[in-house]
Amino acid sequence: MRTDRDRETVSAPPARNWRPPPVVTALSVVVVVAAGGWVATAVDVGRATATTAVGAGLVGLLVRLAGTDRFRPAAVAATWVVSFPAGGFVVAGTLLVSADQFTGTAPIGAVFVVTGLGVATFGVTGLPGRPVGREELSSAAQVVVTAAIALVATTLFPIVDAVTTREIGVAVSAGPFESVAERLVTVFVTPPASPPPVGSFLAAVACGAVASASLLRRLPVRALLDDETDDPSPAVATVDRVLGVLDYGWPALLLAGPVLVVDTVAPTVVWGGVPRSVREPLGAVTATPAVRAFAVGLVVVALVVWLLVRLVRTGYRTRLGTRTATGGAVVGWVVSCWFGWWRGGEVAATLATTVAEALPPTAAASFRREFDAVVGYYGLETVGLALVTGCVVVTSGVVLSLAVGSVVGLVPATGVGHGLSAAGLFAAGGVGLAVDARLAPSLTALAAAVAVWDLGGYGADLGGEVGRRGQSRRAVFVHLGGSLLVSVVAGGGAVLALRARGVVGLAPDAPAPVVLLGGVAALVVFASLLRS
Amino acid sequence: MSRLRWLVRRLVGVVGVTVAVVAAAVAVVPGRTTRLLPPVARLTESVGSVESRLLLAGTAVVVGGVAALLARANGTQTTTDPTLDGRRDDPVEAAAVPAATITGDALQRRLDRVRDTDELDGVADRLRSLAVGVERTTAGVEEATARERVATGEWTADSLAAAVLGESVPVPVGARLRRWLDGSGEARRRIRRTVTAIERRLDGETPQTDGPKETTTPDGGVQQPQTGVGDAHEPPTAHDETRRGDGSDGAHPSARLQTTDDYRTRWRGWLGGTLGLVGLGLLYGSPVVVVGAVVPLVYVAYAAGSALPETVSLRVRRTVLAEQITPGDTVSIRLAVTNTGDSVLSDLRVVDGVPETLGVADGSPRAAVALRPDETATLSYTVTAQRGHYEFDDPQVRVRSSAGSSAATLSVAATGATAVATTPPATAVAVTRAAPLRVGEATADSGGEGLEFHSTREYRPGDPRSRVDWRQFAKRRELVTTQFREERAGRAVVLLDVRPSARRSATAATPTGATYAAYAAEAAVERLRADGDDVSLAVLGIDADAVATPVTTAGEAVWVADAGEDRARTRAVFEAASEAAADRESASRETDVSDRTPPRGTDTAAAALVARCPADAQVLLVSPFTDAVPVSYARRFRVAGYAVTTVAPDHTGGVGGGSHLGGRAAAVGRQLRLRDVRPLCRTVVDWPGDRPLGLAVGRAIDGGDRR
């Protein structure tokens, strides 16, 4: 018995051997796609379903990306980027079916068919490969919710700026930042020469020295100069000497603090007794903007280099342990903001045109007026950024719901694929019947839901007991054949029952609550009988 | 299930059906139903007085609660046999051994702790000594010259490997930049490149080229590609070790099935779905939706009604496809399962009872099959043989109903082969008895009775007429007697090494080098005995106390002077040696033992052993050469004038074949030791485990010179 992995080596099949056999996964995908496509066609919501399905598929993709440990920074960045089209397609599909319902092209309630098939599509993405479960959903929720919060905060800036500019007449962005920047420049770059700004000069030069030392250490200077032999390298010795000098910046910085305070608070106390012949040249030297600007520039460059090096190293080391992968998140944020600001406006305009075309003329005109007003008020760039943010928020809501559902038990904690596929198909089939869609596709969707769910449980048991290496294909097909036979019997029974409506029908004055209560009681009884 | 419980369940079922029928009747013909059933009429009146929206809301709450409870109760009650659940800690396919007994584990652990290139000193020292040894033996130079070449980087064309082991060799710029980006990754990369460069140099790659261009021997000659020590394997034939007393192969008697696993509760969630559809239909007044609830309900009924057959009759036959099995062989196992009953078994899962210490190398001992009556399914897999006799457990079988809602687990005894056992060493070397008049295989340099011409001498009265050279008499009228080379019984000493350091293997499933060595040594003793030789046995690595019979010692070795005749003592020693060879636990406690220099006292012990050996004996040294001790022994024997032959089982998986860097380095170290011992030996048989033992031992024994 293996008791301590650190001490023992075991030759055993890998963990992926115990997953459901590939044929089970393939059959499940085929059944979901076929049944879902059929019922979508029957309800006349093919376009909306396809759009929502693409969005749901992208949600599934980003859950996979967020749950991977390999190339994590790239995966996290990709998750951020995929969040926008995922939410966008889901929203677009919902809008399309809503518009179809509004115009009468699709029956009322068709939105539930589209939503159900979207859930089924998401479930399908969780079928192949490593099962998607609670851990993957939680990880995805962390990443996507972080993206949503960051983008909302980012979007608030131009929105607040636009509101304050128009309503109050003050450009917010011009306010505190400009005043602080001006103050810093005045103190550290272009101070007056009298009294001599020794403190700020010392601080600027010390910061520059510290920044230079940081640059030398952070950049691969030693790596390039030191050939790692035992022989002494003159270049490395020179670098060490330079660093030794630059490290004096720290004590200089410590000294600069009190001097700066004195210069600021009581300059006349210090310089009042200094002769003019000393004070003026000292002032001229210490107030030189070029030296100060160079030192401050070194600090800025050092900060940028620190960030870049961190990103480069993070990206190179693929064995990261952090879940959020900060570097990837930063890249994702940058890409999302860039796309939203520079391209989002075009997308918003296109989307608005599409929605307007789907609406009746009067509604379309009203919609266009409102859209143009919003663009005029906030600006197309802000609207584009807000669109990206909104889509990411939608995606985060979807993923968060799934994650919470897996925690409370509404969604299976291990392997959501079959469960969600079945639930989505069942909802689509049930609503399809309710909206008087064609009988065969709707009943097929109901039967397919149960069959897919059953295949999932069967496949999980099979994987756990036999594994992928063991032969099982024939047994799988026999099981599926039995399931299909039952679905034919069930569907045939339903058709026969419906045809008997002409003979026996629901009475119009039947007390529905009584029937419902009776149904509840009967089913509770049957449920207890299924207890072993 | 007790009678009372059965009655209660039936009663509850009747109630449920009645309620369902009444509800349906109320839906279809409410007037008639309320007239016939006054309680329903009273219920309808009371419901009618309650605000319908409130009632529907309450019903929705009840429905939702029931559905949620049903969804959460989707469990199963099982008594799952752990054998069938492959995801548990100890599946039948696994073979677990202490990690320290895997070749190269100590070095690999050291490598795993390295975080930056600055921490490579210890590892680099180890690799440097390997590189020096490789350079010395491949180029045929002195130790000092080899050291200098490694220090200056002349030994390899790989600049990075040269820098890692060199003293003043600059590291390439790219490597320095990679170190700046990722220190630990670059450290591992440097070691990997260095080990590969050492392997290439061992193959004979010259430093001026990339990739192996020529192979050179220590004496400067061209080395021919090493062929296998024997011919190709004979095709495997079925070999049944029927252990049953009657050897019968008849049908297994029917077993009455008792459900051990019930998955029906898993389907309760679909009752919630049915309920949802009914509610939706009633809410919208859509009979189509209500009828649609038939679909999940039929599935639930199917699952509830799907039952196991009352009895199941199976015949399971196991076949071991191998005629001769030596340790390390890959043995094919075939399990045929036949449904000898009358019922169709739509879902039958089989897991063979693979012996615990044997690892499955290929295929799977598990299968899920569907069998009609009289149909057979076959599953095949291979295991890596360990020395000894390993019994299979009975296969575990799980029968499921067609819907998979109930299952029964049972063991089924398998006919045919019930064990995997390695062939006795004597059989493995295909011993043949010598002709009665031949007293031995060793030839002497004196003339006398024999078969091979030696010389002629003057005829003496009494010489046999058949030995007179009549042709010579016809020519010269001189009577001359022909003499032949005398054949007399040879002497041999078999020295077996099963010390703890030899109990290493390349993987968890393969036998240790000591196990291979013990097997080969036993085969060699049998072969020598059959040839009529006097053979003595010395074993390093066991205590005299561990042997069942009293034995003497010679230095650190257990000594049996007359292993050919004293069969009982020899057998006891080999049993103790085999047991020790398989004892990985004690071997795992000895780690970080130097494999470059033998421990203090080795020479003294070797000298003591040499003193006990007959003067004219040939020495057969059987050791996996995991460290320098067998080299010391070979050197001591050689100095004393003995002819030494070596059989060296390869426990490392071959050069370049190790699963990690530590194992690859260990393989190089072993090859270096073999190179060191080669000049001391008459023959060195580097025995890869996939070649027949008989040919390896035969080559070692028959490849001797004449005396």
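Residues numbered from 1 in each chain as written. Chains lettered and ligands numbered in written order. Predicted model: local features only at pLDDT ≥ 70, side-chain atom pairs only at ≥ 80, totals over all residues. Heavy atoms only, no water.

J.: What is the right way to look at the pattern of salt bridges in this model?
T.: Two side chains with opposite charge may pair up if their charged atoms get near one another. Overall, the coordinates contain 41 salt bridges over all chains when judged by the stated rule. Across the pair Arg 670 of chain B and Asp 650 of chain B runs a salt bridge whose closest N-O atoms are separated by 3.6 Å. You can see Arg 670 of chain B sitting in helix α21 (residues 661–677) and its partner Asp 650 of chain B sitting in the loop between β24 (643–649) and α21, a full 20 residues away along the chain. Note that Arg 670 of chain B and Asp 686 of chain B form a salt bridge whose closest N and O atoms lie 2.7 Å from each other. Here Arg 670 of chain B is found in helix α21, whereas its partner Asp 686 of chain B is found in strand β25 (residues 683–687), with 16 residues between them in sequence. Overall, Asp 686 of chain B belongs to the buried group, its relative accessible area being 12%. What emerges from the salt-bridge pattern is a single network uniting Glu 228 of chain A together with Asp 116, Asp 118, Arg 178, Arg 179, Glu 186, Arg 189 and Arg 190 of chain B. (Salt bridge = Lys/Arg side-chain N within 4 Å of Asp/Glu carboxyl O. Helix = DSSP H or I, 4+ residues; strand = E, 2+ residues; numbered from the N terminus. Buried < 20%, exposed > 50% of the residue type's maximum accessible area, 1.4 Å probe, protein only.)

J.: Even after reading the chapter, I still don't get the packing of aromatic side chains, so can you show me in this structure?
T.: Aromatic ring pairs are reported here in terms of the distance separating the ring centres and the angle at which the planes meet. Across all of its chains, the model carries seven aromatic pairs over all chains by this definition. Arranged with centres 5.8 Å apart and planes meeting at 80 degrees, the rings of Trp 453 of chain A and Trp 270 of chain B form a pair that is edge-to-face. Taken together, the positions of Trp 453 of chain A in helix α19 (residues 439–465) and Trp 270 of chain B in helix α11 (residues 268–284) put the pair across two chains. On the basis of relative accessibility, which here comes to 18%, the residue Trp 453 of chain A falls in the buried class. For the ring pair Tyr 516 of chain B and Trp 687 of chain B, a centre distance of 5.5 Å and an interplane angle of 75 degrees mean the geometry is edge-to-face. Taken as a pair, Tyr 516 of chain B in helix α16 (residues 513–530) and Trp 687 of chain B in strand β25 lie far apart in primary sequence, 171 residues in all. Residue classification places Trp 687 of chain B among the buried positions, given a relative accessible area of 1%. Linked through ring pairs, Phe 426 and Trp 453 of chain A together with Trp 270 of chain B together constitute an aromatic cluster. (Phe/Tyr/Trp six-rings, centres within 6.5 Å; stacked < 30°, edge-to-face > 60°.)

J.: I keep staring at the sheet that holds strand β21 (residues 552–554) of chain B and nothing clicks. Help me out?
T.: Picture the strands of a sheet paired through backbone hydrogen bonds; they go either parallel or antiparallel. Residue and element names in this part refer to chain B. Here seven strands make up an open sheet; going across it, the order is β21-β22-β20-β19-β23-β24-β25 and the pairing mixed. The two strands at the open ends of the sheet, each matched to only one other strand, are β21 and β25. Within the sheet, the average angular offset between the axes of one strand and its neighbour, ignoring direction, is 25 degrees. Where β24 meets β25, five bridges bridge the pair, whose relative direction is parallel. (Pairing = 2+ DSSP bridges. Axes fitted to C-alpha atoms, helices over the stretch in contact; angles between N-to-C directions.)

J.: Can you walk me through the pairing of strand β6 (residues 314–321) of chain B in this structure?
T.: Each regular strand carries side chains that alternate between the two faces of the sheet. All names here are of chain B. Bridge count for β6 against strand β7 (residues 330–339) is eight bridges, and the pairing is antiparallel. Bridge pairing links Arg 317 to Ala 336 in β7. In terms of strand pairing, β6 meets strand β15 (residues 414–416) through three bridges, oriented parallel. Bridge pairing links Arg 318 to Gly 416 in β15.

Interpretation in functional terms is not warranted from these geometric data alone.
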